[in-house]
Each structure stands twice: as structure tokens, then as C-alpha cells.
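Examining the three-dimensional arrangement
For reference, the chains in residue letters:
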Amino acid sequence: MSDKTDPQRMEKIVSLCKRRGFIFQSSEIYGGLNGCWDYGPLGVELKNNLKQYWWRVMVRERDDVVGLDGSILTHRAVLKASGHEDTFSDPMVDCRTCKARLRADQLPEKNGSKQCPNCGGKDLTEARPFNLMFSTQMGASADPDSIAYLRPETAQSIFVQFKNVLDTARKKLPFGIAQIGKAFRNEINPRNFTFRSREFEQMELEYFCRPEEGMKWLEYWKEERLKFYENIGIPRDKLHVLTVPEADRAFYSKGTYDIEYEFPFGVQELEGVAYRTDYDLKQHQEASGKPLDYFDEETKQRFIPHVVEPSAGVDRTVLALLCNAYDEETVTDEKGKSETRIVMRFHPRMAPIKVGVFPLLKNNEQLVAKAREIQAALRPSMNVFYDETGAIGRRYRRQDEAGTPFGITIDFETLGEKDVGLLDTVTLRHRDSMKQERVKISELLSLLLSQVQ
Ligand code: GAP
């Protein structure tokens, strides 16, 4: 496993994210809200492409998974029963010198003693648990009964709605319930850009099965999830699978894998795949007094299903996509001049903009009309960017930085002015190789769709 870190590369990625409109600090003009991020025009497309592809392969293309969209505000009793109210905490210490609040398990050590990463002070308090949940008051009264929480994970509404989904979707074991949505944790030290945030999104599947099949489905989902990352362009050799040792697993888990990625700040977790046994359903059955069991028509037995949970972070995966895509190369033009090309090599499926459409000249009505026609034809099927300003090379470079995999240039050959055989053809430029080919306008849509879907 590589432990290489590259802070300079990370700085360049953060700077490109701001410059090109992928990710901005939340409330930036007021000094920023620590641990919260806003996704700009390119970032929101990238994030949506990721979530839509996850939903497609995890829900729509399967017979055994259905979806749910639960509320963010969560009944206190849910998070009491799940164990979050009592134990969802990180160890915290205070630095008595600079008053910083720090995560006790992430303190750097010098000469065998822990020190404050801000001021270097060694006068630290004893560690104490700090609950990570955000609480709020529901309604006008402020008594303890009105406390509600912002959910710290999407999983709990799936467990709590298990019976309703089972009754309405009429599924038989094994089957899963999937959800994508926001989760909130009052992290002591948000860090590494969006990697550890206070507001983030998760993509979670709770896959219910017979108790004797739990370990089999754990292996199955680990493999499926590895394939997923490869299908969005993250190569297998940048992924690591950590078998979480028993001592580090939740006490109810019979097996957990962490899928990790080689970020520029180190190898870190993207997703956990955990066999949670029947813990969650049992807890909610006991606390609510409502049955959450399953009747097996074949064996005529009633039991609480076990669950295997692949739980991925949307923001962390977006960050991995950004880190993986960033590339710099030296290119030399036809006059022999060298320059650095910054190119985001996103998989076309994930790329925020799929294709740029460029009329060669903006003051030629026929070229512009043809370009607008092509834009209108492609738009219902993919995100298209129309650009008529600046030299064509500059327009290509701008799209390279946005990670747009294809560029279409409408030139005088398109109008049949040079060779009537080239009438209604365009130049199709490929981002990665910068190679150009001549393609018929009538073939563009199917050619592009085969790459970006
Ligand atoms: N339901 C299980 C669960 O929530 P987790 O390991 O705490 O498990 C799952 O979270 C995933 O959610 C993580 O692998 C990570 O991708 C993402 N995640 C967790 N905390 C996060 C944070 N503070 N910022 C960004 N993503 C986070």
C-alpha cells in the first residue's frame, strides 16, 4: 500500500475546483462555514452524474432493490434505539494554550507525547466523548420532548420503514432498500477539503437476507462495489480493500470491509461494506414494540432478517473523481511553442459537460445556425456547452479543464464550401488524445450516447 502524500497536487485540485466552478466554500463572502461546501455549476453536474449512475446500477437495473427517500429530521427515539444518542461520539481534547478543540485520536506526536497541531502546545485536557449529532427543536415549545436530530446517516429511516416497504413492494428475501441523501455530523475537525465535512451525502443500500447467507452477501457486495468504482473511471490499482479487524468493528458486525482510495493526502476510506447482522431491526422492534420480522412462506418461519450494508459517501467519491481526473501535460503547438495543458480526464459517464459545440466563427450566420441546430439536437440527451468566443484552441483548452470529453467544431467544410462530400459533417475532437475526426452530423447523437451513458 502506498503512503505517498502530495500536498501540492491537492492544492492545485482545490484551486481548479474554485477557478472552474466545481466546489466553493459555503458562505464564503462571510468568512466561510467550516465543514460545509457548495457545489458550483460543474460540481453539481458531476455529483448528479455520480448519484444517477449509482441509482441506475443499484436500483433500476436490479429486480431485488427498491428505493426510499426518508426525512432528514429524525425522531429522537429512532436514534436512541439505534445507539447513536448514547454512543455516536469521537474522543475530544482541548488545548489549554490556544483553546483549540481537537480529535484525541488524530493528534500528532513529538518525542513520545501528543501535541496540539495548531500551536504545538502539550498542555491538553483528558479525552472525553463528544456526540457528533446535530440536534434541533421541533415546533414552538422548547421542552426536551421537542428535540429532533438531523440524521447522522441515511440508513436508519430504511430500518424504520422496513415493514412498510416490505408490505408495499411485496419483496421476498434477499432484497434491498436503497437511499441517497444528506447526512450531518458535527465533526470536531473537518479536513482535507470535502473529505470530512459536517454536511455531506451518502449512497446507502441495506440488503436484507437470511441469517445463514450474511457472509456470502458481504463478499458479493464488496465485489459489486469495486466494479462500480472501475465503471466510473477509478482504476482498481488506486483502490484498496481493508478487512476491518474485529477489535475495530462495531460489536454487532460479523465482518466489515473498507474500500479505500489513494487520495493525494493518503489512502483513505470511500465506502464501508458491513455485515450488520440483525442488530438494527432488532433494536427498533424492541424499542417501538412493533414487529419488524419476516415470514418465510417456504419454511413457514418468522425471523428478523440480517443485513449487509454498502455505504458510500457522495462527496468523497466526487473528491476521488476529481483527484483521479486531474492531469497536467506539456503540449507543443505547430509553431513549436510548448505549454502546460491542464486536463480533467473524467470518464465520459461522469464528465459534467459531455460535449462542447463550437462554430468556427461567431460572426458567420450559417456556422452559428448550424452549431445551434446541433446543440438543440443533442441537448435533450446530454449536457452540451455552446461556446463561440475566442480562438478555437482556447475554447478547447477551457473544456479540457472542465473535463469535457468531446468537442464539435462546425467549420466551412460543414457547409460544403470546400468539398461537397463533407457537407453536414463536423470535426469531433477527443479530449484525451486531442485527435480529431470527421463525423456526419446525423451520426453524432448515437456515437456520443454510446460513450457517455
Ligand atoms: N450507515 C453506515 C455509515 O454511515 P460510515 O462509515 O460512518 O457508515 C459511510 O459512513 C460513508 O459516509 C463513509 O465511508 C464516507 O464515505 C461517508 N462519510 C462519513 N462521514 C463523512 C464526513 N464527515 N464527510 C464526508 N463523508 C462522510
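Residues numbered from 1 in each chain as written. Predicted model: local features only at pLDDT ≥ 70, side-chain atom pairs only at ≥ 80, totals over all residues. Heavy atoms only, no water.

**What about the pattern of salt bridges?**
Considering all chains together, one arrives at 44 salt bridges under this definition. A salt bridge links Lys216 to Glu213; the nearest nitrogen and oxygen atoms lie 3.7 Å apart. When its relative accessible area of 46% is taken as the criterion, Lys216 is described as partly exposed. Among the residues examined, Glu213 registers a relative accessible area of 23% and is labelled partly exposed. Residue Arg341 is joined to Glu329 by a salt bridge in which the shortest nitrogen-to-oxygen separation is 2.8 Å. Residue Arg341 is located in strand β21 (residues 338-344), and its partner Glu329 is located in strand β20 (residues 326-332); the two are separated by 12 residues in the primary sequence. Here the salt bridges do not stand alone but share partners, grouping Asp327, Glu329, Glu339, Arg341, Arg345, Arg397, Asp400, Arg429, Arg431 and Asp432 into one network. (Salt bridge = Lys/Arg side-chain N within 4 Å of Asp/Glu carboxyl O. Buried < 20%, exposed > 50% of the residue type's maximum accessible area, 1.4 Å probe, protein only. Helix = DSSP H or I, 4+ residues; strand = E, 2+ residues; numbered from the N terminus.)

**Let's talk about the environment of Pro117**
Tracing the chain through its elements places Pro117 in the loop between β8 (113-114) and β9 (128-131). Its relative accessible area of 49% is what places Pro117 among the partly exposed residues. On a C-alpha basis, the gap between Pro117 and Cys95 in space is 9.6 Å, while along the polypeptide they are 22 residues apart. Residues within four places of Pro117 in sequence aside, it is in contact with Leu102, Leu107 and Pro108. (Contact = heavy atoms within 4.5 Å.)

**As for the packing of aromatic side chains**
Two aromatic rings are characterised by how far apart their centres lie and by the angle between their planes. Applying the stated criterion to the full structure yields 22 aromatic pairs. Ring centres of Phe195 and Phe263 lie 5.4 Å apart, and the angle between their planes is 75°; this geometry places the pair in the edge-to-face category. Within this pair, whereas Phe195 is found in the loop between β12 (175-184) and β13 (199-209), its partner Phe263 is found in strand β15 (residues 255-263), the two being separated by 68 residues in sequence. The exposure classification of Phe195 matches that of Phe263, with both residues buried. Here the basic side chain of Lys222 rests over the ring of Tyr257, its NZ or CZ set 4.9 Å away from the ring centre. Directly above the ring of Tyr386 sits Arg372, whose terminal nitrogen or CZ lies 3.6 Å from the centroid. (Phe/Tyr/Trp six-rings, centres within 6.5 Å; stacked < 30°, edge-to-face > 60°. Lys NZ or Arg CZ within 6 Å of the ring centre and 35° of its normal.)

**So, the sheet that holds strand β3 (residues 65-67)**
Spatial strand order, β3-β12-β13-β19-β16-β15-β14: 7 strands in an open sheet with mixed pairing. Of all the strands in the sheet, just β3 and β14 (239-243) have a single pairing partner and so form its edges. The average undirected angle you get between the axes of adjacent strands in this sheet is 25°. Of the strand pairs in this sheet, β12 and β13 are connected by 10 bridges, and their pairing is antiparallel. From the neighbouring strand, Gln179 faces β13, where its bridge partner is Glu204. Contacts from helix α6 (residues 162-169) reach β3, β12 and β13, with the element oriented near 135° to β12. (Pairing = 2+ DSSP bridges. Axes fitted to C-alpha atoms, helices over the stretch in contact; angles between N-to-C directions.)

**Topic: the packing of helix α1 (residues 7-20) against helix α9 (residues 314-325)**
Packing of α1 against α9 brings their axes to within 10 Å, and their N-to-C directions diverge by 110°. Accordingly, the angle class assigned to the pair α1 and α9 is roughly perpendicular. Contacts from Arg9, Met10, Ile13 and Cys17 of α1 reach α9 at Leu319, Leu322 and Cys323. Here the contact of α1 with α9 is composed, by residue class, of 6 nonpolar, no polar and 1 charged. (Parallel < 35°, antiparallel > 145°, perpendicular 65-115°, else oblique. Nonpolar A, V, L, I, M, F, W, Y, C, P; charged D, E, K, R; others polar.)

**Brief notes about the site of the ligand**
Around the ligand there are 20 residues in total, and Glu153, Arg185, Glu204, Glu269 and Leu270 lie nearest to it. Contacts to the ligand include Glu204, whose side-chain N or O atom sits 2.5 Å from a nitrogen atom. Backbone polar atom of Gly313 to an oxygen atom of the ligand: 3.0 Å apart, as the coordinates give it. Computed on the free molecule, the ligand has an accessible area of 550 Å², of which 88% lies beneath the protein chains in the complex. According to the grid-proximity analysis, the pocket containing the ligand is the largest pocket. Elements with a contribution of two residues or more to the shell around the ligand: β13, β16 (266-277) and β19 (306-313). Looking at the shell around the ligand, the element that brings in the most residues is β16, giving 5 residues. Residues belonging to the shell around the ligand are distributed by class as follows: 5 nonpolar, 5 polar and 10 charged. (Near = heavy atom within 4 Å. Polar contact = N/O pair within 3.5 Å; in protein donor to acceptor, adjacent residues only side chain to side chain. Areas by Shrake-Rupley, 256 points an atom, 1.4 Å probe, with all protein chains shown as cover. 1 Å grid on protein atoms, 1.4 Å probe; cavity = no way out; pocket = protein on both sides within 12 Å on 5 of 7 lines; lining within 4 Å. Sits in = over half its atoms within 2 Å of the grid points.)

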